[in-house]
Amino acid sequence: MKKPESVIIELAPRFEVGAKSALQNTQLRRNMGKATQTIRGKRAAVVDELSDWESLRVAGQHIKDDVMQHLDTYLVQLEDAITRAGGHVHWAKDAHEANEIVTHLIQATGSKEIIKVKSLTTDEIRLNEALELAGITAIETDLAELIIQLAHEKSSHILVPAIHKNRSEIRALFQKSMNLPDLTDEPKELAAAARQFLREKFMSVRVATSGANFAIAETGSVCVVESEGNGRMCLTMPDVLISVMGIEKILPRWQDLGVFMQLLPRSSTGERMNPYTSIWTGVHADDGPQEFHLVLLDNGRSDVLADSVGRQTLHCIRCSACINVCPVYERTGGHAYGSVYPGPIGAILTPQLVGTAYADSLPYASSLCGACYDVCPVRINIPEVLVHLRGKVVAEKQTQLKSWFDGENIGMKAMATTFAHRSTYELAQQAGQLAQWPFVYEGYIEHGPGPLGKWTAMRDFPAIPPQSFRDWWRERQRDE
Amino acid sequence: MQVALFITCFNDTLFPDTGKSVVSIVERLGHQVIFPEEQTCCGQMHFNTGYQSEAMPLIRRFVEIFSQYEVIVSPSASCVGMVRDMYRFAAEVHQDAKLANEVALLADRVYEFSEFIVNRLGIQDVGAYYPHRVTYHPTCHSLRGIKVGDAPEQLLRAVRGIDYVPLNQSNECCGFGGTFAVKNADTSMAMLGDKIRHILDTRAEVCVAADNSCLMHIGGALHRQRSGVRIAHLAEILAVQE
Amino acid sequence: MSNSSRNAMLAKIRTAIMTGSRGDFHEAHTSVPYSAYDDGNVAARIELFAHRVAEYKAWVGHCTSVGIAQAVAERLMIRGKKRMVIPSDLPDSWLPKGFDFVRDSQLDRTVIAGMDGVLSGAALGIAQTGTIVLDGGAFQGRRMISLLPDYHLCIIRAQDIVGVVPEAFAQLATTRQSPMQPYTFISGPSATSDIELNRVEGVHGPRTLDVFIVE
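Residues numbered from 1 in each chain as written. Chains lettered and ligands numbered in written order. Predicted model: local features only at pLDDT ≥ 70, side-chain atom pairs only at ≥ 80, totals over all residues. Heavy atoms only, no water.

1. As for the overall build of chain A
When helices and strands are counted, chain A shows 22 helices and 13 strands. Structurally, chain A occupies a C-alpha span of about 95 × 55 × 50 Å along its principal axes. Counting over 480 residues, chain A shows a buried share of 65%. Of the contacts formed within chain A by residues at least 6 apart in sequence, a portion of 73% connects residues at least 24 apart. (Helix = DSSP H or I, 4+ residues; strand = E, 2+ residues; numbered from the N terminus. Buried < 20%, exposed > 50% of the residue type's maximum accessible area, 1.4 Å probe, protein only. Contact = heavy atoms within 4.5 Å.)

2. A word on the packing of helix 2 (residues 26–48) of chain A against helix 12 (residues 257–268) of chain A
All names here are of chain A. The N-to-C vectors of helix 2 and helix 12 enclose an angle of 145°; their axes lie 8 Å apart at closest approach. For the pair formed by helix 2 and helix 12, the contact residues are I39, R43, V46 and V47 on the first element and R266, S267 and S268 on the second. Residues of the contact of helix 2 with helix 12, tallied by class, amount to three nonpolar, two polar and two charged. (Axes fitted to C-alpha atoms, helices over the stretch in contact; angles between N-to-C directions. Nonpolar A, V, L, I, M, F, W, Y, C, P; charged D, E, K, R; others polar.)

3. Some details on the packing of helix 19 (residues 407–419) of chain A against helix 4 (residues 52–66) of chain B
Two numbers describe how helix 19 of chain A lies on helix 4 of chain B: the axes approach to 9 Å, and their chain directions differ by 20°. By the angle class used here, helix 19 of chain A and helix 4 of chain B are roughly parallel. The two elements helix 19 of chain A and helix 4 of chain B meet at a crossing, and its hand is left-handed. Here helix 19 of chain A contributes A:K413, A:A416 and A:F419 to the contact with helix 4 of chain B, which in turn contributes B:E54, B:L58 and B:R61. Residues belonging to the contact of helix 19 of chain A with helix 4 of chain B are distributed by class as follows: three nonpolar, no polar and three charged. (Parallel < 35°, antiparallel > 145°, perpendicular 65-115°, else oblique. Left-handed = near helix turned anticlockwise from the far one by under 90°.)

4. As for empty space enclosed by the protein
Residues and elements named next belong to chain A. A complete count under the given rule lists nine cavities of 30 Å³ or more for this structure. Empty space within the largest cavity amounts to approximately 550 Å³. Forming the walls of the largest cavity are 30 residues, and the residues nearest its centre are K118, L159, N213, V225 and E226. Among the secondary structure elements, those contributing two or more residues to the lining of the largest cavity are helix 6 (120–124), strand 6 (221–226) and helix 12. (1 Å grid on protein atoms, 1.4 Å probe; cavity = no way out; pocket = protein on both sides within 12 Å on 5 of 7 lines; lining within 4 Å. Points joined across faces, edges and corners; volume = space filled by probe spheres on them.)

5. Structural notes on the pattern of salt bridges
All chains considered together, the criterion is met by 66 salt bridges over all chains. Between B:E38 and A:R422 there is a salt bridge, with the nearest N and O atoms lying 3.5 Å from each other. Of the two residues, B:E38 sits in the loop between strand 2 (32–34) and helix 3 (44–49) while A:R422 sits in helix 20 (residues 422–435), which places them in two different chains. With a closest N to O distance of 3.0 Å, B:E37 and A:R474 form a salt bridge. Placement of the pair is B:E37 in the loop between strand 2 and helix 3 and A:R474 in helix 22 (residues 469–479), with the two residues belonging to separate chains. Note on A:R474: relative accessible area 21%, which makes it partly exposed. When salt bridges that share partners are traced, they join A:R422, A:E426, A:R470, A:D471, A:R474, B:D12, B:E37, B:E38 and B:R61 into one network. (Salt bridge = Lys/Arg side-chain N within 4 Å of Asp/Glu carboxyl O.)

6. A look at helix 4 of chain B
Between its first and last C-alpha, helix 4 of chain B extends 21 Å over 15 residues, near the 21 Å set by a 1.5 Å rise per residue. The element helix 4 of chain B is extensively covered by neighbouring structure, given that eleven of its 15 residues are classed as buried. (Expected span 1.5 Å × (residues − 1).)

7. Quick look at the packing of aromatic side chains
The tally for this structure, following the rule as stated, stands at 25 aromatic pairs over all chains. Between A:W254 and C:F169, the aromatic rings sit 5.5 Å apart at their centres with planes inclined by 70°, giving edge-to-face as the arrangement. You can see A:W254 sitting in the loop between strand 8 (250–251) and helix 12 and its partner C:F169 sitting in helix 5 (residues 165–174), one on each of two chains. The buried category is assigned to A:W254, whose relative accessible area is 2%. The exposure class assigned to C:F169 is buried, which follows from its relative accessible area of 1%. A network of ring pairs unites the aromatic residues B:F6, B:F62, B:F66, B:Y69 and B:Y87 as a single cluster. Geometry around A:W455 places A:R459 over its ring, the cationic atom sitting 4.1 Å from the centre. (Phe/Tyr/Trp six-rings, centres within 6.5 Å; stacked < 30°, edge-to-face > 60°. Lys NZ or Arg CZ within 6 Å of the ring centre and 35° of its normal.)

8. Comments concerning the sheet that holds strand 4 (residues 207–210) of chain A
Residues and elements named next belong to chain A. Ordered in space as 1-10-7-4-2-3, the six strands form an open sheet in which the pairing is parallel. In this open sheet, the two strands that pair with only one neighbour each are strand 1 (88–92) and strand 3 (137–140). When strand polarity is set aside, the average angle formed by the axes of neighbouring strands in this sheet is 25°. Sheet analysis places strand 2 (residues 113–116) next to strand 3, joined by four bridges and oriented parallel. Following the sheet pairing, I114 is matched in strand 3 by A138. (Pairing = 2+ DSSP bridges.)

9. Brief notes about the domain arrangement of chain B
Note on interface size: it is often stated as the accessible area lost on association of the parts. Residue and element names in this part refer to chain B. Domain annotation for chain B reports domain 1 (2–120) and domain 2 (133–238). Domain 1 and domain 2 are separated by 22 Å when their C-alpha centres are compared. The interface is formed by 27 residues belonging to domain 1 together with 22 residues belonging to domain 2. Buried surface at the junction of domain 1 and domain 2, both sides included, amounts to about 1,800 Å², of which 66% is carbon and sulfur. Run the count over domain 1 and domain 2 and you get zero salt bridges. The tally of links from domain 1 across to domain 2 stands at eleven residue pairs in polar contact (both at pLDDT 80 or more). At the level of secondary structure, the elements contributing two or more residues to the side of domain 1 that touches domain 2 comprise helix 1 (9–14), helix 2 (16–28), helix 3, helix 5 (77–93) and helix 7 (113–120). Looking at the side of domain 1 that touches domain 2 residue by residue, the class counts come to twelve nonpolar, nine polar and six charged. (Domains from an automatic or database assignment. Buried area = accessible area lost by both parts, 1.4 Å probe. Polar contact = N/O pair within 3.5 Å; in protein donor to acceptor, adjacent residues only side chain to side chain.)

10. A look at the side chain of A:T109
Residue and element names in this part refer to chain A. Here T109 lies in helix 5 (residues 95–109). Reaching out from T109, the side chain makes a polar contact with the backbone oxygen of I106 at a distance of 2.6 Å. Each residue touching T109, except ones within four places of it in the same chain, is listed here: R206, V207 and V240.

11. A short note on the interface of chain A and chain C
Across the contact, 101 residues belong to chain A and 75 residues belong to chain C. Together chain A and chain C conceal approximately 7,700 Å² of surface at their shared face, both sides included; 57% is due to carbon and sulfur atoms. Considering only the surface of chain A that becomes buried against chain C, A:W91, A:R195 and A:W254 emerge as the three largest contributors, covering 10% of it. At the boundary of chain A and chain C, one finds eight salt bridges. Salt-bridge contacts for A:R195 lead to C:D150; the nearest nitrogen and oxygen are separated by 3.2 Å. There are 36 residue pairs in polar contact (both at pLDDT 80 or more) connecting chain A and chain C. For the side of chain A that touches chain C, the leading source of residues is helix 10 (residues 187–204) of chain A, giving eleven residues. For the side of chain A that touches chain C, the class distribution of residues is 47 nonpolar, 25 polar and 29 charged. Alignment of strand 9 (residues 276–281) of chain A against strand 9 (residues 183–186) of chain C, held across four bridges, turns out to be antiparallel. Directly across from A:S278, in strand 9 of chain C, lies its bridge partner C:T184.

12. Section: the nonpolar core
One finds A:F174, A:F214 and B:F47 to be the most contacted residues of the largest nonpolar core, which totals 185 residues. Counting residues per element, this core draws most heavily on helix 5 of chain B, which supplies ten residues. If we ignore the near neighbours within four places in the chain, the residues touching A:F214 are A:S221, A:V222, A:C223, A:V225, A:K249, A:L251, A:L257, A:F260, A:M261, A:L264 and A:I317. Counting residues in each nonpolar core, the second largest holds 39 residues, with B:V22, B:I25, B:Y136 and B:L155 among its members. (Core = buried A, V, L, I, M, F, W, Y, C linked by side-chain atoms within 4.5 Å.)

13. Looking at the pairing of strand 7 (residues 151–157) of chain C
Residues and elements named next belong to chain C. Burial within strand 7 is extensive, with six of its seven residues counted as buried. Of the pairings in the sheet, the one linking strand 4 (residues 117–120) to strand 7 comprises three bridges and is parallel in character. Bridge pairing links S120 to C154 in strand 7. Sheet topology note: the strand 7/strand 12 (residues 208–214) ladder contains seven bridges and is parallel. Counted as the bridge partner of R157 is V214 from strand 12.

What follows is the structure, given as structure tokens:
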């Protein structure tokens, strides 16, 4: 099936296929288990110390509800404020338009390379590849992004793209690509190596790109939240700054940052506050880039906005709390999701951005355990959206002729018919009790036939007892 | 008090002892159990797997059958969650205002077994005697879905003779997840593997939960491994007396 | 392209807002009370600020307004720093003898990067999170000088420390210019969580942060 042209997230094979190979990678399992357990503990500790955490979550949800309900107004307000402050605002319907805008802006400066602050939005539109075609080199400056770039790998986590790599793997990579044979695997030394490696670029490259964590409609301010200082470098040192932002990242008022700057750091890295946050408004005389562009990206977001259940997905502030707490993600890692957005949020966002038909296994990549909903700082009901998207997947499937031969579809329809009447239901119970006898051994089925075989390939199935509850009840009523 | 039993198709067919135990406990506490025999399935499996148009008649059917009862009790947290939370959602996405109203009236009257005993009746000690080493797995739907809190543990701790051992990392999903267990069997088993390890670490004889569906998943692996650990629904422990 | 895309996007968003509204089924908006202030205990607030800054592995000390120069001298001695860049408006009374302080008047970036450190004031502190806010106002200078050197010695007045995060944004709103000045929020020295999700101090920003609270 050809993917819609406006969306160029690269999709991997079905989730269960990617998951199967990931599950066999013992090093990955170990790295992921360790990292997710660490971050869960840190998040819980800093969330528990705030007595008003639940109120903050509700406030965050309401602010985002308001954003979605008046998105057009806030976007125009933001554009006005930024323009007044000496910045430029560009509108991009899709990835292709956004990449074209950014490429032209860089070409106008004559620069052949740019420094980049980690940005999921630019990963989503695959900006680096578009720039490469135009002969422009994008240098990732975030430590984990740098690791991924040097290793020629793909991100497996939205916040910590190299979460699947442990320190000794990173050491080996740096030893080779930075020519540092004596490097140890001490994290402090690894960070120092990155500092050394990138310093010259920060001092000399004239153009930077970034994403945006928040943009304030009221004031035209753009906010980038980070840890290492590479963000401050990119936002301060170059002559030209180009930021790409999804339209949903907007906040109405300056004071809203008082809510979100509590929700984000605590949910994300499990810190009371991240080391550095930069907020700028257009251009500032004698301080930082003297040319600023903000590219507003739709790329499927307005389609999500049009779905009354799916809309809440746009509340996401990309904190990664749902990813860190997800028992599925913990075991499969991020690559199985085949998108720049892995984990629970990816399982609902990716199918909505590209269309459920192109990512129909992702809504099923969850046991609906609800841990994601509990930790979401803006209360996105992820299980509800997953179930909603499953409904869309099935509805689409059922419009096709091949669904007539689809075992699951046939079985589900048959069961629904059976459950529709007490008489057929009771008949089916009796039929099951009778039909199972060749497979039962001491109360369990170890090798089931047909669809049951998928279950018993891995675990035993209890035999259907000879007397159902309702039979017992009737017998009891008779005896009384 | 008259208590209508919502047995669930799953327990009715595969785990009748759970239903019998619920009946004996509720009657022992001096209340009358009614079993609406027209009930079949709440539609959870269909709805959660995406078969919404197949689930809707089952949802409407359930509401019709149970609307007349004041107090409805079920030994399945996930089916209670379906009725309490997902029915509202189903009515909304199918733009059925009449159903939404009926669901709003019904939802608060549906109780999971342990929350009915502890929160509605205010009882922790149901007079049970169970001299065995027991651990408890809080299922996702009981813990995060309908939020029964520590009601099941309160009931277990009040059982005479019991050797109750808490489960390590108990809040983690066992990997069942309905059709997830077969659609994503490999991941499901990876999750189950860790759950089984924690259960075996407790050296318990019995693993207890408020959902037989999760227990079937856990029990299926415990049995395949010949681990010697049994599974039992909470009600089955509480029904045993000296 | 730009103008037509703008109009097309806005039109599509407006349609989407209408069709995607949850209407009667959605729970109504309510205003929720989160903490906008701390309990007003100033001494506890300052102590909390000091404690929280120190938890990020920054060094925190106290001094009096007449003792700033002496405090700075002691700290620079301990750190072994001699050449410090300072904002152009930093008061002479903060500067001890025996060190080389260079005022930033559009200094070249390589000169700034070559300094041993930076000495600056601050706009605001947030006790709850141990955060220092710079807004380019009095005694702070432009963003580059507090970024390139590897060492930052920051002097913050006790009366500029607020309790909680929402208070900080409320406070900053009262001093904002039009258009707004740039802000930098600093919580400890530069750090990363990118290796096995553990916080490691010291990447691109100043790897050492010392803070004096002036009472």
